[in-house]
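# Overview (structure and organization)
Chain by chain, the residues:
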Amino acid sequence: MDDAATLNIVVLVKYVPDTQFDRQLDSGTYTTDRSESILSELDEYAVEAALQLIEARGGAKAGNKVIALTMGPAPAVNAVKKALQLGATEGVHLVDDALAGSDAAGTSLALAAAIRRLGPVDLVIAGMSSTDGETSLVPAQLAERLGLPQVTFAASLQVEDSTVTARRDGERQAETVQAQLPALVSVTDQINEPRYPNFKGIIAAKKKKITELALADLGLEPAQVGAAGAWTAVLSAEPRPARSQGIIITDEGDAGIKLVDFLASRKLL
Amino acid sequence: MTDTARILVFIDNLAGALHKVQHELLTLARSLGEPVAAVGGVPDEALLAELGSHGVATVYRPAADLEDSLVAPKAAFLANAVRAAAPSAVLLENGFGGKEIAARLGIKLSSGVITDAVAVAPDLSVTKSVFAGAYTVVAKVTTGTPVITVKPNTIEAAAAGTGGVPQVVEVDPGDPGPAARIIERSPKPATGRPELSEARVVVAGGRGVDGDFGPIEELADALGGAVGASRAATDAGWIEHSAQVGQTGTTVSPQLYISAGISGAIQQKAGMQTAQVIVAVNKDPDSPVFEIADFGIVGDLFKVLPQAAEEIRKRKG
Ligand SMILES: Cc1cc2nc3c(=O)[nH]c(=O)nc-3n(C[C@H](O)[C@H](O)[C@H](O)COP(=O)(O)OP(=O)(O)OC[C@H]3O[C@@H](n4cnc5c(N)ncnc54)[C@H](O)[C@@H]3O)c2cc1C
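For chain B, an unreviewed UniProt entry supplies the name Electron transfer flavoprotein subunit alpha/FixB family protein and the organism Arthrobacter mobilis. Chain B has a UniProt comment under Sequence similarities (unreviewed entry) that states "Belongs to the ETF alpha-subunit/FixB family."

Structure (structure tokens):
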């Protein structure tokens, strides 16, 4: 930590297809069609968690920072802008044509390089998974590359001195997990109620700094990232046949029996 | 496939008996090559015997049990086990822990990682579904040793029946670097029901149960299934959060999913629409859940579910 009293937090934000719309894979490149995109709603919990941590320490005025970092094509800057409206103190947009088609290995490589460039960071906070790729690999790979401990799926979060403590809720047990700062944390949708941007926040955001970074700024070669640098490849992608509606009946007093008949006919008893 | 194609399975517990998913992983490994196992500590006799019954000839382990930390020490040990075993692929469980170990292992070995596998072919291409089941994708690791996390219920577990006692090989646990540790555990009371993510039958309730999961549990027990819930039901505190099915809860792909008093929001569907058969009980005929139901009942769950449970018990005798 650069200063025991203040926190430097990087929040990973991502611009993703809105889950309210049908999501599409581009048929040629198997990449995601992002024409109807928003700030991943799961990242709002990460932004909120970061804001609550710095607000408890006197906020930006006291020298605390929440840096919203995104990687993606030009429109992805909107995810950063939304985070700035909510209260993040500055933004970083990692944008380079060569990044297109990056898998988790390439994404974590570029994000790790960007974070190292930001100087000493106490916490990296991510949402529980992106709502599009859903692989959950990036936070753990980022932690590995940065040599950080990871505390994932936090349903609550405390930072005291240089220790982060989180509660996790698993199927077999609930756990309290602890790590020393600097650390990487991912948070679930149980952790808080994200705020909405207010008018003051929207105005203030216009004056906040957004730094654009390209691969060359990070000392990375195009061949290390993107489709060229990927360690995995998609060979084929088939849209799953839409689930057709089956039999719908209205209960006339014997629907429970009919349900069992149906299960028996499908050998599910 | 030559007999040198080893498939390394990571086993996260030190004592017998193996879980259902671990039996599945070992069965899958045997279908792809010669299964070998890496265990994150000193395995007991019972565990070695069980691994042997799956045809595992070699077990890799650290000199002592790994420290009680999350992920990082397991990934560091596993990386050394991979270097010792030189397998053609590594298989892990698909839970949060398994995916995170896989993620770190991938970076340590400069190897591609594929999660959520529902099938692994002899050429190590992996089938998985993405976007909450909207697409079925076949993917392949192109760099390094493929690291694959496999979902439950992808293969029928079977022992090889050629049980020998595996040879145990000690490997250096490696340097895990800074790691998070668990400082407190509160185990949940055992319900006697199967685990949600692995269950072949899931009966789930939503806001429509209005605080009473009794009918859901009764039907789940009649079918030997697990109990699930929508976020509306877990947020209301009617059932614990770990029962939540959906985008921010557990993803399930059971043979049968019975949804009762759940409207079928997109975030709920994200966690259950790859179920083989979906049954919906909802009193609103316009509820979106009926669009994906193989069998839908417009009716009151408090009448339909108890009647069905009673009928099942009768037929099962
Ligand atoms: C970021 C985010 C993540 C989310 N993640 C999840 C998730 O993982 N899982 C999830 O489930 N949701 C999730 N949600 C919430 C989701 O959007 C819905 O709000 C939620 O699924 C609704 O739950 P429900 O269907 O039980 O309630 P409702 O939508 O209120 O539906 C209740 C249904 O019960 C029926 N009903 C009422 N009484 C009866 C009766 N006696 N018999 C039969 N039917 C009856 C009604 O007709 C109605 O259709 C998430 C939301 C957000 C914003």
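There is more to say, and it comes next.
Per the secondary structure count, chain A includes seven helices and 14 strands. A burial count over chain A gives 53% of its 269 residues as buried. For chain A, the proportion of contacts with a sequence separation of at least 24, taken over those separated by at least 6, is 71%. For chain A, the accessible surface area stands at approximately 12000 Å², while carbon and sulfur atoms represent 50% of it.

Here we have six strands laid out as an open sheet, ordered β14(A)-β15(B)-β14(B)-β13(B)-β11(B)-β12(B), and parallel in their pairing. Looking at strand neighbours, the two that pair on one side only are β14 (247-250) of chain A together with β12 (226-229) of chain B, the edges of this open sheet. Going across the sheet, the axis of each strand differs from the next one's by a mean of 15 degrees, ignoring polarity. When strand β13 (residues 256-260) of chain B meets strand β14 (residues 277-282) of chain B, the two strands line up parallel, connected through five bridges. Across the sheet, the residue bridging to I258 of chain B is V279 of chain B, located in β14 of chain B. Against the sheet, helix α7 (residues 255-265) of chain A touches β14 of chain A together with β13, β14 and β15 (295-298) of chain B, its axis set at about 180 degrees to β15 of chain B. Of the strands in this sheet, β13, β14 and β15 of chain B are in contact with helix α8 (residues 301-316) of chain B, which crosses β14 of chain B at around 135 degrees.

What follows concerns the site of the ligand. Lining the immediate environment of the ligand, one finds 30 residues, of which R207, S230, Q244, S263 and N282 of chain B sit closest. Nearby residues around the ligand are contributed by chains A and B. In the model, an oxygen atom of the ligand is placed 2.8 Å from a nitrogen or oxygen of the Q267 of chain B side chain. Between K283 of chain B and the ligand, the recorded distance is 3.2 Å, taken from a backbone N or O atom to a nitrogen atom.

Residues and elements named next belong to chain B. Between its first and last C-alpha atoms helix α3 (residues 72-85) spans 20 Å; for 14 residues at 1.5 Å apiece the expected length is 20 Å, and the two agree. α3 sits mainly inside the fold: eleven of its 14 residues count as buried. Those residues of α3 that sit buried are A72, P73, A75, A76, F77, L78, A79, N80, A81, V82 and A85. Buried-residue contacts for α3 involve β1 (6-11), β2 (34-39), β3 (58-61), β4 (89-93) and α4 (96-109). Directly after α3, the chain includes A86, whose backbone phi takes a positive value near 45 degrees.

Taken together, the contact pairs 78 residues of chain A with 86 residues of chain B. Of the roughly 7300 Å² buried at the junction of chain A and chain B (both faces included), carbon and sulfur atoms supply 56%. Counting the surface chain A buries against chain B, the share from its top three residues, E171, W231 and R243 of chain A, is 12%. At the boundary of chain A and chain B, one finds five salt bridges.

On to the packing of helix α3 (residues 104-117) of chain A against helix α4 (residues 137-146) of chain A, then. Residues and elements named next belong to chain A. In contact at an axis separation of 9 Å, α3 and α4 are set at 50 degrees when each is read in the N-to-C sense. In terms of their interaxial angle, α3 and α4 are classed as oblique. Crossing of α3 over α4 shows right-handed handedness. On α4, the residues that touch A104, A105, T107, S108, L109, L111, A112, I115 and R116 of α3 are L137, V138, Q141, L142, R145 and L146.

In spatial order, the strands read β8(A)-β9(A)-β10(A)-β10(B); together these four strands make up an open sheet with antiparallel pairing. The open sheet terminates on both sides in strands that have one partner only, identified here as β8 (156-160) of chain A together with β10 (181-187) of chain B. Pairwise comparison of adjacent strand axes, ignoring direction, gives a mean angle of 15 degrees for this sheet.

According to UniProt, the "binding site: FAD" (unreviewed entry) feature falls on R207, S230, R231, Q244, V245, G246, Q247, T248 and N282 of chain B. Their sequence span is 76 residues, while the largest C-alpha to C-alpha distance among them is 22.8 Å; these annotated residues do not converge on one region. Tracing the chain through its elements places S230 of chain B in the loop between β12 and α6 (231-235). On the accessibility criterion, S230 of chain B (8% relative accessible area) is buried. Once residues lying within four places of it in the same chain are set aside, the contact partners of S230 of chain B are G205, G206, R207, Q244, I262 and Q268 of chain B. Mapped onto the secondary structure, T248 of chain B falls in the loop between α6 and β13. Those residues in contact with T248 of chain B that sit more than four places away from it in its chain are L42, M128 and D189 of chain A together with R231 and H241 of chain B.

The rules behind each value
Residues numbered from 1 in each chain as written. Chains lettered and ligands numbered in written order. Predicted model: local features only at pLDDT ≥ 70, side-chain atom pairs only at ≥ 80, totals over all residues. Heavy atoms only, no water. UniProt positions renumbered as here; feature names shortened; annotations may be inferred. Helix = DSSP H or I, 4+ residues; strand = E, 2+ residues; numbered from the N terminus. Buried < 20%, exposed > 50% of the residue type's maximum accessible area, 1.4 Å probe, protein only. Contact = heavy atoms within 4.5 Å. Areas by Shrake-Rupley, 256 points an atom, 1.4 Å probe, with all protein chains shown as cover. Pairing = 2+ DSSP bridges. Axes fitted to C-alpha atoms, helices over the stretch in contact; angles between N-to-C directions. Near = heavy atom within 4 Å. Polar contact = N/O pair within 3.5 Å; in protein donor to acceptor, adjacent residues only side chain to side chain. Expected span 1.5 Å × (residues − 1). Buried area = accessible area lost by both parts, 1.4 Å probe. Salt bridge = Lys/Arg side-chain N within 4 Å of Asp/Glu carboxyl O. Parallel < 35°, antiparallel > 145°, perpendicular 65-115°, else oblique. Left-handed = near helix turned anticlockwise from the far one by under 90°.

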